Amino acid sequence: MGRVVAIDYGVRRTGIAVTDELQLIASGLTTVATEELLMYLKQYVSEETVSVFVVGEPRQMNNTPSESEAFIKVFLTKLSDTFPEIPVERQDERFTSKMAFQTMIDSGLSKKKRRNKALVDEISATLILQAYLNRK
């Protein structure tokens, strides 16, 4: 059984989270510059077995796709072309950024550390992954 890799895709930065090999625990992995994302994933997949990619699906409150979905669709095509053997699933990501920020507050991080948008993206990816695991 391979790991599940969750991706919180952003125009500038992308948060990445992974499961353990038994697909029980979601953990933040890193945040990378989006322009380096595919290169990073190629390196990661060469070192670890990946069963599925889970990409966050941003939606408005009325359940319509958000504006960033256009960028994500382009990325999804590149992801599928690069890793045709690894399936891609989507997970609703509404409120993950707000939940990530609240998690940072609840864990006692200082205001300076809470301004770290890369950390917010990584925590958001972890929340996306945990929601996916709960759904499965």
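Computed from a predicted model, the values in this text were never measured in an experiment.

A. Highlighting the pairing of strand 3 (residues 26-33). The pairing of strand 2 (residues 13-19) with strand 3 spans seven bridges and is classified as antiparallel. Its bridge partner lying in strand 3, Gly 15 is registered against Thr 31. Connecting the antiparallel pair strand 2 and strand 3 is a turn made up of six residues, with Gln 23 showing a positive phi of about 60°.

B. Representation of the nonpolar core within the structure. Counting 19 residues, the largest nonpolar core has Val 5, Ile 7, Leu 37, Leu 41, Phe 53, Phe 75 and Leu 79 as the members making the most contacts within it. Elements represented by at least two residues in this core include exactly strand 1 (3-8), strand 2, helix 1 (37-47), strand 4 (50-57) and helix 2 (69-82). Sequence-distant contacts of Phe 75, defined by excluding residues within four places in its chain, comprise Ile 7, Tyr 9, Leu 37, Leu 38, Leu 41 and Val 55. Listed in part, the eleven residues of the second largest apolar core include Ala 17, Ala 26, Leu 129 and Tyr 132.

C. Representation of the sheet that holds strand 3 in the model. Overall, mixed pairing links the five strands, which are arranged 3-2-1-4-5 in an open sheet. Because the sheet does not close on itself, it has two edges, and the strands there are strand 3 and strand 5 (88-92). Recorded for the sheet is a direction-independent mean angle of 25° between the axes of neighbouring strands. Examined bridge by bridge, strand 1 and strand 2 share four bridges and lie antiparallel to one another. Considered in strand 2, the bridge of Asp 8 is made with Gly 15. On the sheet, helix 1 packs against strand 1, strand 2, strand 3 and strand 4 and is oriented at approximately 135° with respect to strand 3. Across the sheet, helix 5 (residues 117-135) is in contact with strand 1, strand 2, strand 3, strand 4 and strand 5; its angle to strand 2 comes to roughly 40°.

D. Just helix 1, in detail. If you check which residues of helix 1 are buried, you get Leu 37, Leu 41, Tyr 44 and Val 45. The buried residues of helix 1 occupy an angular sector of 95° when the element is viewed end-on, so they sit on one face. Those residues of helix 1 that are exposed and aimed more than 90 degrees away from the buried face are Met 39, Ser 46 and Glu 47. Elements that come into contact with the buried residues of helix 1 comprise strand 1, strand 2, strand 3, strand 4 and helix 2.

The rules behind these values
Residue indices follow the written sequence of each chain, beginning from 1 at its first position. Predicted model: local features are reported for residues with pLDDT of at least 70 only, side-chain atom pairs are reported and counted for 80 or more only, and whole-chain, interface and lining totals are derived from all residues. Water and hydrogen atoms play no part in the side-chain values, which are based on all heavy atoms of the structure. Strands are treated as partners if at least two bridges between them are detected by DSSP. Runs of H or I in DSSP of at least four residues are treated as helices and runs of E of at least two as strands, each being numbered from the N terminus. Nonpolar core, defined: a set of buried Ala, Val, Leu, Ile, Met, Phe, Trp, Tyr and Cys residues in which side-chain atoms within 4.5 Å join the residues together. Each residue gets one of three labels from its accessible area relative to the maximum for its type: buried under 20%, exposed over 50%, partly exposed in between, using a 1.4 Å probe on protein chains only. Every residue pair with non-hydrogen atoms within 4.5 Å of one another is taken to be in contact. Only the stretch in contact is used when fitting a helix axis, every axis being a line fitted to C-alpha atoms; angles between N-to-C directions are given from 0 to 180 degrees. By arc we mean the arc of the directions from the helix axis to the C-beta atoms, nothing more.

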